[in-house]
Amino acid sequence: MSISIRYEAQLFVMSVVTGAGLMAVYDCLRIFRFLCPHGALAVGVEDILYGLYCAVMTFMLMYEQNDGNLRGFCIGGVILGMAVYQRLISRNLLKYLQKPVKWIKMKIRNHRNGSKQVRR
């Protein structure tokens, strides 16, 4: 295998890993939203900031690894990584985290209610 093909294969793998990492960050954002529900405006702002974060991270990948050259397979790799993470990990992770997160929310709610009763 030639050096340039090996390099492009490594770049594609790094793109897929970057996409999976971006989806992992979005899962953290989803868990935060579940723990601390807030309005549509705040969710919109969070989504815009997340989109900017994705753009910066993808740009940094291409800038550092490919001298800033835009490559279609890099973008495709990021999208593939996001899709694979969503299908294989995110669905199951969020399904299994629902019970512990609900328990944490219940404890927080009970703690808040208990502190209000103590003040009276």
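My aim in this report is to walk through the structure given alongside it, one point at a time. (Residues numbered from 1 in each chain as written. Predicted model: local features only at pLDDT ≥ 70, side-chain atom pairs only at ≥ 80, totals over all residues. Heavy atoms only, no water.)

Considering the overall build of the protein
Next up, step 1: Summing up its helical and strand segments, the protein has 3 helices and 0 strands in all.
Next up, step 2: The secondary structure elements of the protein, listed N-terminal to C-terminal, are α-α-α.
Next up, step 3: Here the C-alpha radius of gyration of the protein, 20 Å, is well above what a compact globule of 120 residues would show, namely 14 Å.
Next up, step 4: Considered along the principal axes of its C-alpha atoms, the protein spans approximately 75 × 25 × 20 Å.
Next up, step 5: The burial tally for the protein puts 20% of its 120 residues in the buried class.
Next up, step 6: Accessible surface, the protein as shown: approximately 8,600 Å² in total, 67% of it carbon and sulfur.
Next up, step 7: Taking the average place of the 16 positive charges on the side chains of the protein and the average place of its 6 negative ones, the gap between the two points comes to 22 Å. (Helix = DSSP H or I, 4+ residues; strand = E, 2+ residues; numbered from the N terminus. Rg over C-alpha atoms; globule rule 2.2 N^0.38 Å. Buried < 20%, exposed > 50% of the residue type's maximum accessible area, 1.4 Å probe, protein only. Areas by Shrake-Rupley, 256 points an atom, 1.4 Å probe, with all protein chains shown as cover. Lys, Arg positive; Asp, Glu negative; His and termini not counted. Charge placed at Lys NZ, Arg CZ, Asp CG, Glu CD.)

Side note on the packing of aromatic side chains
Next up, step 1: In the structure shown here, the tally under the stated rule is 2 aromatic pairs.
Next up, step 2: For the ring pair Tyr26 and Tyr50, a centre distance of 4.8 Å and an interplane angle of 50° mean the geometry is tilted. Linking Tyr26 in helix α1 (residues 3–35) with Tyr50 in helix α2 (residues 40–66), this pair joins segments that are 24 residues apart in sequence. Judged on exposure class, the residue Tyr26 and its partner Tyr50 are both buried.
Next up, step 3: Summarising the aromatic geometry, the rings of Phe59 and Tyr63 are spaced 5.8 Å apart at their centres and angled 20° between planes, so their arrangement reads as stacked. Placement of both Phe59 and Tyr63 in helix α2 is noted, with a separation of 4 residues, approximately one turn of the helix. An identical accessibility class is assigned to Phe59 and Tyr63; each is exposed. (Phe/Tyr/Trp six-rings, centres within 6.5 Å; stacked < 30°, edge-to-face > 60°.)

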